[in-house]
Amino acid sequence: MTRLQGRCALVTGASRGIGAAIALRLAAEGASVAVNYAGRADAAAEIVRRIESAGGHAIALQADVSDSKAATALVADATSHLGSLDVLVNNAGITRDGLLVRMSDDDWGAVIDTNLTGAFHTTRAAAKVMMKARSGSIINIASVVGLTGNAGQANYAAAKAGLIGLTKAVARELASRNVRANALAPGFITTEMTDTLPEAVRDGARGLIAMGRFGSTEDIAAAVAFLASDDASYITGQVIAVDGGMTFA
Ligand code: NAP
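Visitor: Where do I start with the pairing of strand β5 (residues 136-141) in this structure?
Guide: Residues in a regular strand project their side chains so that they alternate between the two faces of the sheet. The buried fraction of β5 is high, at six of six residues. The pairing of strand β4 (residues 87-90) with β5 spans four bridges and is parallel. Looking at β5, one finds that Leu88 is bridged to Ile138. With helix α4 (residues 105-133) bridging β4 and the parallel β5, this β-α-β connection has right-handed handedness. Taken together, the six bridges between β5 and strand β6 (residues 179-186) define a ladder with parallel strand orientation. Bridge pairing in β6 places Gly136 opposite Val179.

The following block contains the structure:
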């Protein structure tokens with residue numbers, strides 16, 4: 001498929017997990033991709049190598065999205081290296097789980113700063129480029145936890161619910177300039193983030209999923225590619241759960 005031929009995409013947190021799968025999928029569909037990472041330069045370089053060896057074009061860009069200046073510079077660097085910016089995927093995210101009464105200010109702040117404020121930083125910068133071009137697609141990787149809440153994840157659930165609110169506000173603000181904003185709400189996806197959960201928690205989680213299994217990073221990447229493409233040209237302000245039937249009413 002070459003739905004994204006000639007498009008330029010920035011994926012935050014693309015050195016591993018879901019972000020890496022998104023970068024690989026967007027490149028496979030023809031996009032030039034900026035692979036952002038925080039600390040793991042080797043992992044990001046490996047994703048760039050895989051894209052280039054498949055005939056695609058990619059660049060690795062280090063930036064901590066929670067840092068306003070660094071995130072703004074990241075968007076500028078991606079735009080100048082790639083030539084434009086058509087797709088922004090806000091995927092970078094962390095967890096610092098703990099029960100509310102024991103949650104430290106640091107654990108609250110780190111998750112809000114990366115998962116929510118980081119997306120605000122990159123979206124604000126990208127919106128200026130996309131509004132000028134009168135075209136763009138912003139895709140925020142939220143979580144089912146942002147819809148349902150989850151014990152032990154007050155910080156993470158608040159950040160993801162906030163990200164959904166940000167998505168809807170941005171969708172309303174930018175629609176007249178043909179810039180779309182949507183969110184995905186993944187359920188349990190097999191990555192390093194979920195590998196660290198105790199086996200009992202993973203077994204319990206499987207019981208909540210109608211399809212009875214965790215999703216793959218490619219399941220999320222496929223939905224991102226759709227939202228990035230013209231196939232989704234009349235879709236904005238939506239939250240799409242990709243969760244194997246975990247949350248439907
Ligand atoms: P992961 O395997 O832990 O990877 C996290 C990625 O984010 C890495 O590339 C990491 O870069 C990057 N990152 C972390 N902090 C950053 C920062 N401050 N600035 C820039 N990049 C940063 O996570 P994942 O499981 O793939 O999750 C990806 C996204 O999906 C997250 O937003 C997560 O909340 C969401 N999600 C995941 C699941 C799941 O089941 N896995 C479910 C729902 C939602 P380095 O490698 O350089 O550290």
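Visitor: How do you make sense of the site of the ligand when you look at a structure like this?
Guide: Close to the ligand lie 31 residues; Ser15, Arg16, Gly39, Tyr156 and Thr191 are nearest. Between the ligand and Ser15, the relevant distance is 2.6 Å, taken from an oxygen atom to a side-chain nitrogen or oxygen of the residue. Contacts to the ligand include Asp64, whose side-chain N or O atom sits 2.9 Å from a nitrogen atom. Relative to its free-state accessible area of 910 Å², the ligand is covered by the protein chains to the extent of 93%. Of all the secondary-structure elements, those providing two or more residues to the shell around the ligand are α1 (17-28), β2 (32-37), α6 (154-174) and α7 (192-195). For the shell around the ligand, a count of residues per class yields 15 nonpolar, twelve polar and four charged.

Here is what the cut-offs are and how they apply
Residues numbered from 1 in each chain as written. Predicted model: local features only at pLDDT ≥ 70, side-chain atom pairs only at ≥ 80, totals over all residues. Heavy atoms only, no water. Buried < 20%, exposed > 50% of the residue type's maximum accessible area, 1.4 Å probe, protein only. Helix = DSSP H or I, 4+ residues; strand = E, 2+ residues; numbered from the N terminus. Pairing = 2+ DSSP bridges. Right-handed = clockwise from strand over helix to strand, strands pointing away. Near = heavy atom within 4 Å. Polar contact = N/O pair within 3.5 Å; in protein donor to acceptor, adjacent residues only side chain to side chain. Areas by Shrake-Rupley, 256 points an atom, 1.4 Å probe, with all protein chains shown as cover. Nonpolar A, V, L, I, M, F, W, Y, C, P; charged D, E, K, R; others polar.

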